Each structure stands twice: as C-alpha cells, then as structure tokens.
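Here is what each chain is made of, one letter per residue.
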Amino acid sequence: QFQLVASGGASVEPGGSLRLSCAASGRAFGNYAMGWFRQAPGKVREFVAAISWSGARTSYTDSVKGRFTISRDNAKNTVYLQMNSLKPEDTAVYYCAADESYSALNRGSNGVGSWGQGTQVTVSS
C-alpha cells in the first residue's frame, strides 16, 4: 500500500509563500508520477501540478503557472510544492497523489491511484 503524508499547510497573508511536502512510503517512489490537487469549500477537487517519475516533465493548472513549482527528491521519497505569491483564491485543502501514469494525473482526480491526506492552506489578510 502506498502511503502518502502531506504537510506544510498553514495560514498566510496574500503575497506570502509556503512549501508543501509529501512523504511517500510503501512502494518504489521512483516508479510513480506525483501530483498535487486542491479542494476549496463547496468546489470539486482540481488538479494543481504534476511531475513525472524522473522529474523531467512538469505541468501546472493555468491559475498557478509562474507562482507554484513542483519538484521531487527520489532519494528522500518526497515531492514538494513551492507556492509563491499566494492569493486568497489559493485557499483550499491540498492533497498529494501518486499514479504510475503521468498522463492520468494530468487528466484529473478520477482514477488516480493513491491519495494522501489533505493539508490546509489558508490565504487571508
């Protein structure tokens, strides 16, 4: 069983930065593409970013391009989401996800193989 533990969520003011981490265990981390999704109150879970198993490919939803950066450290079995220039509309519970298919992560939340628990990000003045 793939266990994913997300951390790093907090309350920050607009314009601030946060780095989310997701530690993985239970399977060969390097064989999996990783992603971040988020869910705001009353909204459906949406794709935020994904990274291929090697880190060579990354993708982002349009609303975070230029502000968020996804990265991974396969030696530490960890994926990160660096979030800069945070906006109130970034407020959501953020979930990390894993799938053998990078394309599957990019297609959205349906059918994604493994999920971590969420971590709350609140952007407010």
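Residues numbered from 1 in each chain as written. Predicted model: local features only at pLDDT ≥ 70, side-chain atom pairs only at ≥ 80, totals over all residues. Heavy atoms only, no water.

Go over the state of the cysteines with me, naming the residues and quoting the values.
Think of a disulfide as a covalent bridge from one cysteine sulfur atom to another cysteine sulfur atom. Scanning all chains against the criterion turns up one disulfide. A sulfur-sulfur distance of 2.1 Å marks the disulfide that ties C22 to C96. Residues C22 and C96 are joined by a disulfide whose S-S torsion is about 50 degrees; by sign, that bridge is right-handed. Taken together, the residues C22 in strand 3 (residues 18-25) and C96 in strand 9 (residues 92-99) connect sequence positions 74 residues apart. Considered together, C22 and C96 belong to a single accessibility category, that of buried residues. (Disulfide = S-S within 2.5 Å. Helix = DSSP H or I, 4+ residues; strand = E, 2+ residues; numbered from the N terminus. Buried < 20%, exposed > 50% of the residue type's maximum accessible area, 1.4 Å probe, protein only.)

Outline the pattern of salt bridges, listing residues and values.
Tallying each qualifying case throughout the model produces four salt bridges. Residue D62 pairs with K65 through a salt bridge whose shortest N-O separation is 3.0 Å. Here D90 ties to R67 by a salt bridge, and the two come within 2.7 Å at their closest N and O atoms. Taken together, the residues D90 in the loop between strand 8 (78-83) and strand 9 and R67 in the loop between strand 6 (58-60) and strand 7 (68-73) connect sequence positions 23 residues apart. As far as burial versus exposure is concerned, D90 and R67 are alike and both buried. Through salt bridges with shared partners, a single network forms among R38, E46, R67 and D90. (Salt bridge = Lys/Arg side-chain N within 4 Å of Asp/Glu carboxyl O.)

Tell me about the nonpolar core, and please be specific about residues and values.
The nonpolar side chains of a soluble globular protein tend to be buried, and buried together. Within the largest apolar cluster, 30 residues are counted, with the highest numbers of intra-cluster contacts made by W36, L81, M83 and Y94. For this core, the elements supplying multiple residues, two or more each, are strand 1 (3-7), strand 3, strand 4 (33-39), strand 5 (46-51), strand 7, strand 8, strand 9 and strand 11 (119-123). Setting aside anything within four residues of it in sequence, one finds Y94 in contact with L20, W36, F37, R38, V48, F68, L81, M83, Q117, G118, T119 and V121. A50, A97, Y102 and L105 belong to the second-largest nonpolar core, a separate cluster that totals eight residues. (Core = buried A, V, L, I, M, F, W, Y, C linked by side-chain atoms within 4.5 Å. Contact = heavy atoms within 4.5 Å.)

Mind laying out the sheet that holds strand 8, listing which residues take part and the relevant values?
Sheet architecture is open: four strands sit in the order 1-3-8-7, paired in antiparallel fashion. Edge positions in the sheet fall to strand 1 and strand 7, since each has one partner strand and no second. Pairs of neighbouring strands in the sheet enclose a mean axial angle of 15 degrees, with direction left out of account. (Pairing = 2+ DSSP bridges. Axes fitted to C-alpha atoms, helices over the stretch in contact; angles between N-to-C directions.)

Could you give an account of the pairing of strand 5, naming the residues involved and the relevant values?
By the criterion of burial, strand 5 is predominantly enclosed, with five of the six residues buried. Where strand 5 hands over to strand 6, the hairpin turn is made up of six residues, of which G55 adopts a positive phi near 90 degrees.

Explain the packing of aromatic side chains to me, using residue names and the numbers behind them.
Inspection of every chain in the model, using the stated rule, returns four aromatic pairs. Ring centres of F37 and W115 lie 5.0 Å apart, and the angle between their planes is 65 degrees; this geometry places the pair in the edge-to-face category. Of this pair, F37 sits in strand 4 while W115 sits in strand 10 (residues 114-115); the two residues are 78 residues apart in sequence, bridging distant segments of the chain. When its relative accessible area of 0% is taken as the criterion, F37 is described as buried. An aromatic cluster is defined as three or more aromatic residues linked by ring pairs; in this entry it consists of F37, F47, Y95 and W115. Its guanidinium or amino end placed over the ring of F29, R72 lies 4.4 Å from that ring's centre, counting from NZ or CZ. (Phe/Tyr/Trp six-rings, centres within 6.5 Å; stacked < 30°, edge-to-face > 60°. Lys NZ or Arg CZ within 6 Å of the ring centre and 35° of its normal.)

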